[in-house]
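Chain by chain, the residues:
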Amino acid sequence: MTPHLAVSSHPAHHPLDAPPHRRRRRRRLCPPRAARPSPSPTLRCRAAAASATAAVPQPPRAPDAAARTRVFVVSDLHTDYQENMDWVRRLAVGVGPPGAGGVNALVVAGDVAETTDNFARTMGALRDQFDAVFYVPGNHDLWLRREEDGRYMDSLEKLNALLDACSELGVDTGPKTIGDLGIIPLFSWYHKSFDKEKDLTSVRVPSLEMACKDFHACKWPSELGSDDEALALYFDQLNDKYNDAIEEVKKNSKQILTFSHFVPRQELCPEKRMLYYPNLPKVIGSDYLERRLRAIHNNAEGGAACHVFGHTHFCWDSMIDGIRYVQAPLAYPRERKRRMNGGEGWLPFCVYRDGFNPEIYPAIWSDYYNKNKREPENTQLAPWVAKYFRKYY
Ligand SMILES: [Fe+2]
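Residues numbered from 1 in each chain as written. Predicted model: local features only at pLDDT ≥ 70, side-chain atom pairs only at ≥ 80, totals over all residues.

Participant: Would you take a moment to explain the overall build of the chain for this structure?
Facilitator: In terms of regular secondary structure, the chain is built from 14 helices and 10 strands. Counting every position in the chain, which comprises 393 residues, the buried fraction comes to 49%. Partitioning the contacts of the chain with sequence separation of at least 6, the portion at a separation of at least 24 is 79%. (Helix = DSSP H or I, 4+ residues; strand = E, 2+ residues; numbered from the N terminus. Buried ≥ 20, exposed ≤ 12 C-beta atoms within 10 Å, placed from the backbone. Contact = placed C-beta atoms within 7 Å.)

Participant: Is there a simple way to think about the sheet that holds strand β1 (residues 69–74) in this case?
Facilitator: By way of backbone hydrogen bonds, the strands of a sheet pair with one another, either parallel or antiparallel. In space, the four strands of this open sheet follow the order β3-β2-β1-β10, with mixed pairing throughout. Of all strands in the sheet, those bounded by a partner on one side alone are β3 (132–135) and β10 (349–353). Adjacent strand axes in the sheet meet at a mean angle of 20°, parallel and antiparallel pairs treated alike. Note: β1 against β10, four bridges, orientation antiparallel. If you follow R70 over to β10, its bridge partner there is R353. Contacting β2 (103–108) and β3, helix α5 (residues 116–129) runs over the sheet at an angle of about 145° to β3. (Pairing = 2+ DSSP bridges. Axes fitted to C-alpha atoms, helices over the stretch in contact; angles between N-to-C directions.)

Participant: Explain the sheet that holds strand β4 (residues 176–178) to me, please; I cannot follow it from the model alone.
Facilitator: Read from one edge to the other, the open sheet built from six strands follows the order β4-β5-β6-β7-β9-β8, with strand pairing classed as mixed. What marks the edges here is a single partner per strand, and that holds for β4 and β8 (316–320). Here the strands of the sheet are splayed against their neighbours by 20° on average, with no regard to which way each runs. By the bridge criterion, five bridges tie strand β5 (residues 181–185) to strand β6 (residues 255–259) in an arrangement that is parallel. Bridge assignment links P185 to a residue of β6, and that residue is F259. In the packing of helix α11 (residues 287–297) onto the sheet, the strands contacted are β5, β6, β7 (305–309) and β9 (323–327), and the crossing angle to β6 comes to about 170°.

Participant: Please explain unusual backbone geometry as it appears in this structure.
Facilitator: The phi torsion of most residues other than glycine is negative, and most of the peptide bonds are trans. For the peptide bond that leads from L347 to P348, omega is 0°, which places it in the cis range. Its location among the elements puts P348 in the loop between α12 (333–337) and β10. Residue D76 is not a glycine yet carries a positive backbone phi of 55°. Among the structural elements, D76 can be located in the loop between β1 and α3 (82–89). Of note, A331 is a non-glycine position whose phi angle comes to about 70°, a positive value. Among the structural elements, A331 can be located in the loop between β9 and α12. Looking at A331, the number of C-beta atoms within 10 Å reads 31, which means it is buried.

Participant: How should the nonpolar core be read in this particular structure?
Facilitator: For soluble globular proteins, the rule of thumb is that nonpolar side chains tend to be buried together. Counting residues in each nonpolar core, the largest one holds 88 residues, and the members touching the most others are V71, V73, V107, V108 and L257. Among residues more than four places away in sequence, those in contact with V108 are V74, S75, L77, L126, V133, F134 and Y135. (Core = buried A, V, L, I, M, F, W, Y, C linked by C-beta atoms within 7 Å.)

That is the geometry; function is a separate question.
Here it is, written out as structure tokens:
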């Protein structure tokens with residue numbers, strides 16, 4: 001076993017790096033990187049590969065304060081890190097109040113905390129600061145390794161406990177209309193067959209079990225194995241109980257925001273040749289999820305459909321087939337320190353102010369794919385990835 005892989009706990013610990021040849025002046029959804037990475041000897045350090053010298057533009061802290069309904073989005077809070085918990089506790093100061101009689105809502109797209117206690121503390125703090133808070137579970141939320149022995153039989157039991165905690169705190173885990181906006185949480189889990197692109201064969205890629213801690217930190221009933229689509233299907237079917245509520249919300253809303261923790265389309269992740277961990281697409285997304293959100297957004301008028309996701313820690317804002325896809329992760333402190341994938345000063349991201357913000361925000365990778373065609377058949381490693389594999393494998 002490669003020692004530095006042993007400390008890997010999240011696909012996002014295998015960070016991507018900025019595409020080369022990028023120089024931007026516009027404000028970014030994600031802090032810009034000044035230089036290509038220089039991979040470091042440990043996985044932790046790999047996340048630290050970006051330059052820390054780039055200036056980080058700050059967005060306005062109180063966007064359109066006159067708006068009656070403002071919806072902010074964020075994912076991957078990871079408040080087991082004290083810095084992240086501190087950040088959560090002072091969120092309302094930056095966000096400011098809504099317009100007179102208005103509402104500030106917050107959408108949290110999973111990976112709040114690894115322990116139930118931190119989860120409850122975090123969601124309680126958010127609920128104190130926002131008029132409405134919405135949540136879907138992420139993989140880290142269902143880890144059991146730091147829970148006291150016997151607290152949960154398996155990750156499904158923990159899932160139910162977290163949903164109960166949300167209910168007690170007044171956090172929404174089902175569909176609801178806020179102003180003119182319908183907000184619909186979607187349960188999901190990843191499956192390997194989500195990855196439809198050609199594998200890289202020129203390098204030895206560590207196994208998913210070595211690279212992704214979910215395989216050890218989650219525990220599932222025996223019929224829900226990680227090797228097939230059973231888990232993804234199970235989580236997708238959890239949404240069925242909200243079918244009537246979803247229809248009701250659609251009837252009463254002018255715009256719809258769906259959100260999940262996992263990734264609905266492979267195009268929302270860079271190609272394998274760009275990735276330090278090229279098999280990342282096998283542990284990030286669900287085809288069931290994309291099918292379900294498409295069904296919800298069908299017949300949406302232009303600019304009225306948005307899906308927010310998380311998990312990979314890569315900021316994203318792009319429009320695909322009429323639906324806007326946004327990722328706005330807080331991510332790990334070390335990622336923020338290196339101006340990497342996460343945000344701090346610009347989060348939570350205000351995606352809605354009495355209507356979706358029409359501006360597509362600049363984010364490194366979504367900008368890249370807005371201008372460059374995806375080439376999944378191209379298996380030539382990006383230079384920084386080639387250098388990394390030469391050095392460590
Ligand atoms: Fe995650």
